[in-house]
Amino acid sequence: CAIGEENYVSVTLVFWKRPEGLFVSNERTIAAPPRADAGSPATRKTSYRPEVQGLRALAVLMVVTYHVWLGRVSGGVDIFLLISAFLMTLSFTRKVESGAPLRLLSHWLHLLKRLLPAVVVVILGVLAGTWAILPQSRWPDVLEQAWASLLYRQNWLLADSAVDYYAQDHSGASPLQHFWSLSIQGQVFVLWPLVFAGTALLSRLLRRWTGQDHVLLRYRSLLVAAFGAIFAVSLPYSIQQTATNQAHAYFDTGARLWEFALGSLLALALPYLKPGRILRVVLGWAGLAAMLSCGLLLTVDRSFPGFIALWPTLAAAAIITAGQSGSRFGVDRFLTWKPLVALGDNSYALYLWHWPLLVLALAGAGITAPNLFQGLCIVAASVVLAVLTTRFVEKPLREWHWPKRRAWRGAVVIAACGALLAGPVAVWQSQLLADEAEAASQPKELTPGAAALAPENAGKPTPEAKIIPAPAAMKNEWADIDGLCTDGNVPSDPLLQGCLQNNKPDKVTKRIVVLGDSHAQQYMAALGPIAKSHGWEVVTLLKGNCRFGGESPERDADCNAFNRASAQYVLDHRPDAVFTVASLTHKEAPFETEVPEYLAGIKPFTDAGMDVVGIRDNPRFNINMPECVQKNGEDAECNVPEQESLAGSSPLDAYRGQVPRLHLMDMSDFICADGTCPAVVGNVYVYKDDNHLTKTYVQTMIPMFERRLLAATGWK
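Report on the accompanying structure. This one's a predicted model, so the numbers in the text were calculated from it and none came from an experiment.

Right, let's talk about the sheet that holds strand β7 (residues 577-581) for a bit. Pairing in this open sheet of 7 strands is mixed, and the strands run β3-β4-β6-β5-β7-β10-β12 from one edge to the other. The sheet is open, and its two borders are formed by β3 (483-484) and β12 (662-665), each paired with just one other strand. Two strands pair when backbone bridges link them, and β3 and strand β4 (residues 500-501) are joined in this way by 2 bridges, in the antiparallel orientation. When the sheet's bridge partners are listed, glycine 483 is paired in β4 with glutamine 501. This element, helix α20 (residues 598-607), spans β5 (510-516), β7, β10 (611-615) and β12 of the sheet and lies at about 150° to β10. With respect to the sheet, helix α23 (residues 702-713) is in contact with β6 (536-542), β7, β10 and β12, its orientation differing from that of β12 by roughly 150°.

Here you go:
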């Protein structure tokens with residue numbers, strides 16, 4: 001009932017004592033005889049379906065191929081979800097209609113015992129690769145995701161960060177992020193049996209209360225109604241969420257339930273679907289063509305899981321409906337090819353291994369995408385590890401009889417597997433926290449940061465010390481803003497609902513609004529404390545990757561709309577000053593330009609008598625600066641030439657004298673010095689990634705920032 005789950009109902013010989021007499025059912029090859037009153041198509045003989053294993057193999061090959069060479073989403077995972085529900089529904093429906101007990105606790109324990117060992121082995125392998133290959137700043141996220149993967153909640157962890165611009169790690173993918181689909185499956189593997197059990201109970205109660213055996217009261221009919229309702233609710237929800245919040249919807253279990261419901265409805269309808277041989281041939285090949293072409297023709301990663309996901313799921317449904325065509329031209333002849341079926345038997349482990357190997361290989365080689373040979377090596381290694389995991393981990397535990405005899409024994413095995421992973425993760429996290437505390441406790445004179453570049457310190461060597469912030473603390477290096485806007489600062493425009501402000505002073509001497517993106521926010525690490533000491537009230541209106549300026553075709557529609565709303569807020573509230581970032585840096589030449597329509601954007605403010613402060617932007621790079629230091633040390637490789645980071649002549653010079661009340665600031669001499677833009681200054685990381693200043697470093701700039709701000713504006 002999962003990726004890699006064997007394509008049969010049970011491996012155990014099951015004996016039931018019934019009024020009809022004693023019978024034995026090995027459900028790997030035949031279906032259990034139905035109850036006399038079942039009145040359903042369950043009487044049809046249901047045999048092992050190797051074409052489903054072949055379909056699973058093709059789906060995992062799609063996922064692997066698209067990830068390794070195309071860098072896209074294939075739709076293969078959606079097929080896995082459908083197959084999981086399809087097989088689970090066949091299993092539970094047969095049990096109920098044959099009168100077998102469901103034994104949900106035993107079912108869940110067996111399923112966890114079946115799935116968890118391979119998960120633990122893969123995550124332990126990922127942790128070893130993380131320690132050997134990935135920079136230390138990425139370790140905390142991997143450890144957090146290890147817990148989330150173990151507890152089947154990885155999809156919610158990714159959903160929370162997917163919609164948070166400031167939480168995104170643009171420097172590289174996580175080797176565990178593919179566990180999102182397994183987490184959704186795990187959640188459905190808990191929910192679906194409850195639906196089967198609840199529907200069975202309802203069927204019995206209704207038939208007992210009514211005294212009738214009406215077709216609408218029978219178990220299969222009630223299941224159709226239940227899964228039809230889930231499909232009818234989940235699909236519109238998925239479409240709506242994908243249209244309005246796609247990044248979150250992609251990982252949202254509720255937006256994926258309809259795919260499972262479709263698989264269940266297919267399993268319930270299949271006995272009634274009897275296409276002829278020719279139609280089976282056409283259905284099979286049409287479904288295969290649609291399935292393989294999905295990721296090539298659609299931008300799956302930006303449009304799923306809305307109605308577009310019907311493409312791969314209906315394609316898979318067509319292939320399953322075609323079944324065993326009985327024709328040598330049917331697609332089942334291809335899907336039952338022994339190597340393909342064998343790959344299907346190892347598909348669960350292959351899915352688990354391929355993504356971590358890809359991410360770690362790219363990180364180790366320092367490349368963004370593999371070539372054909374490198375990709376083949378990654379795929380080959382994934383297949384080998386998948387076969388070994390299936391053969392020596394998954395299969396022995398599946399065939400181990402001791403845990404099957406008592407439920408508590410199965411629970412012991414599951415707990416042991418969890419402890420095998422939880423122990424190393426907990427110890428590692430504790431060590432990182434201890435290192436972080438040790439680095440933070442150093443005397444301030446050992447970590448002067450930007451003060452090391454002050455003229456009075458020119459030529460003075462920086463003492464030896466641990467670089468701060470510690471890698472484990474790097475993700476917390478965004479500038480702090482006290483909280484949401486309150487009282488009269490609350491915007492009326494819903495586009496500005498993320499409005500933030502510092503704690504309002506008892507006596508407000510000046511009101512300032514900060515406009516722009518994350519590069520404006522990073523300076524709040526200096527502006528915030530300065531404002532507190534002077535009694536200034538500061539409100540921030542920020543949108544990721546949206547530099548403030550007038551209407552421009554160089555910005556997307558959302559950014560232009562946000563800037564219009566921000567400008568109107570300023571004109572309505574009439575603060576004393578507006579703080580902005582007045583230039584725009586780039587990773588490639590030209591390395592620094594004027595902000596599109598910057599003067600047009602700020603002129604309404606200055607015309608209304610407000611001051612505008614425009615600060616020069618900081619450099620952007622093609623490398624993650626702290627990770628470069630963690631890999632290579634503080635050598636020249638991490639110190640980028642200034643001419644490859646900033647314009648030779650500041651774009652701010654072009655603004656001088658153009659608009660009255662525009663005050664310009666340039667802090668670049670405290671970021672770059674002696675012709676280079678280093679990754680570390682005064683034992684402090686300058687950057688938290690490839691373009692954002694750390695909160696810690698900006699805080700070391702406070703005295704210089706305050707002097708220049710007051711000098712530029714003339715404020716007292």
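From this point, things continue past the structure.
This part takes up the pairing of β12. Burial of the side chains of β12 extends over both faces: Leu662 and Leu664 are buried on one face and His663 and Met665 on the other. For β10 and β12, the ladder comprises 4 bridges, and the chain directions are parallel. From the neighbouring strand, isoleucine 615 faces β12, where its bridge partner is methionine 665.

Across the interface, helix α3 (residues 104-133) lies against helix α4 (residues 139-150) with an axial gap of 11 Å and an inter-helix angle of 180°. Between α3 and α4, the crossing angle belongs to the class labelled roughly antiparallel. Taken together, the residues of α4 that come into contact with α3 (itself represented by Leu116, Val120, Ile123, Val126, Leu127, Thr130 and Trp131) are Trp139, Val142, Leu143, Ala146, Ser149 and Leu150. Taken together, the residues of the contact of α3 with α4 sort by class into 11 nonpolar, 2 polar and no charged.

Note on placement: serine 74 falls in the loop between α1 (50-70) and α2 (76-98). Within the local environment of serine 74, its side chain forms a polar contact with the backbone nitrogen of glycine 76, the two atoms lying 3.0 Å apart. Setting aside anything within four residues of it in sequence, one finds serine 74 in contact with Met62, Val63, Tyr66, Cys294 and Gly295.

This part takes up the packing of aromatic side chains. Scanning the entire structure with this criterion turns up 18 aromatic pairs. Ring plane angle 85° and centroid distance 5.4 Å describe the contact between tryptophan 536 and tryptophan 715, whose orientation is recorded as edge-to-face. Of the two residues, tryptophan 536 sits in strand β6 while tryptophan 715 sits in the segment after α23, which places them 179 residues apart along the sequence. The class of tryptophan 715 is buried, set by a relative accessible area of 10%. Seen in terms of ring centroids, phenylalanine 548 and phenylalanine 605 are 5.7 Å apart; in terms of plane orientation they differ by 20°. Their pairing is stacked. Separated by 57 residues along the polypeptide, phenylalanine 548 in the loop between β6 and α19 (557-573) and phenylalanine 605 in helix α20 bring together distant segments of the chain.

For the structure on display, the rule yields 4 disulfides. In this model cysteine 628 forms its disulfide with cysteine 638; the gap between the sulfur atoms is 2.0 Å. Around the S-S axis, the bridge from cysteine 628 to cysteine 638 shows a dihedral of about -90° and counts as left-handed. Taken together, the positions of cysteine 628 in helix α21 (residues 625-632) and cysteine 638 in the loop between α21 and β11 (640-641) put the pair 10 residues apart, joining distant regions of the chain.

Time to look at the environment of tryptophan 131. By the element assignment, tryptophan 131 lies in helix α3. Taking the relative accessible area as the measure of exposure, tryptophan 131 reaches 60% and is therefore exposed. With 422 residues separating them along the chain, tryptophan 131 and proline 553 place their C-alpha atoms 45 Å apart. Tryptophan 131 has contacts with Trp139 and Trp428, leaving out every residue within four places of it along the chain.

Before going further, it helps to examine a nonpolar patch on the surface. On the surface, Trp69, Leu70, Leu296, Leu297, Trp311, Leu372 and Leu376 cluster together into a nonpolar patch covering about 690 Å² of accessible area. Counting only elements with at least two residues in the nonpolar patch, the list comes to α1, α9 (277-297) and α15 (372-399). Along the polypeptide, tryptophan 69 turns up in helix α1.

This part covers the packing of helix α5 (residues 154-162) against helix α6 (residues 179-210). The contact between α5 and α6 brings their axes to 7 Å, and the two run at 125°. Regarding the angle of α5 to α6, the classification is oblique. Across from Gln154, Asn155, Trp156 and Leu158 in α5, the residues of α6 making contact are Phe179, Trp180, Ser183, Ile184 and Gln187. For the contact of α5 with α6, the residue count by class is 5 nonpolar, 4 polar and no charged.

Compared with an ideal rise of 1.5 Å per residue, which puts 12 residues at 16 Å, α23 spans 16 Å between its outermost C-alpha atoms and is within 8% of the ideal. Every buried residue of α23 is listed here: Met704, Phe705, Leu709 and Thr713. Buried residues of α23, seen end-on, are gathered within an arc of 140° and therefore sit on one face of the element. Relative to its buried face, α23 has exposed residues pointing more than 90 degrees away, namely Arg707 and Ala711. In this structure, the buried residues of α23 make contact with α18 (524-534), β6, β7, β10, β12 and α22 (695-700). Positioned one or two residues after α23, glycine 714 has a phi angle of 80°, which is positive.

Scoring rules and cut-offs
Residues numbered from 1 in each chain as written. Predicted model: local features only at pLDDT ≥ 70, side-chain atom pairs only at ≥ 80, totals over all residues. Heavy atoms only, no water. Pairing = 2+ DSSP bridges. Helix = DSSP H or I, 4+ residues; strand = E, 2+ residues; numbered from the N terminus. Contact = heavy atoms within 4.5 Å. Axes fitted to C-alpha atoms, helices over the stretch in contact; angles between N-to-C directions. Buried < 20%, exposed > 50% of the residue type's maximum accessible area, 1.4 Å probe, protein only. Parallel < 35°, antiparallel > 145°, perpendicular 65-115°, else oblique. Nonpolar A, V, L, I, M, F, W, Y, C, P; charged D, E, K, R; others polar. Polar contact = N/O pair within 3.5 Å; in protein donor to acceptor, adjacent residues only side chain to side chain. Phe/Tyr/Trp six-rings, centres within 6.5 Å; stacked < 30°, edge-to-face > 60°. Disulfide = S-S within 2.5 Å. Patch = residues over 30% accessible without salt bridge, like charges linked within 9 Å, V, L, I, M, F, W, Y side chains within 5 Å. Areas by Shrake-Rupley, 256 points an atom, 1.4 Å probe, with all protein chains shown as cover. Salt bridge = Lys/Arg side-chain N within 4 Å of Asp/Glu carboxyl O. Expected span 1.5 Å × (residues − 1). Arc of directions from axis to C-beta.

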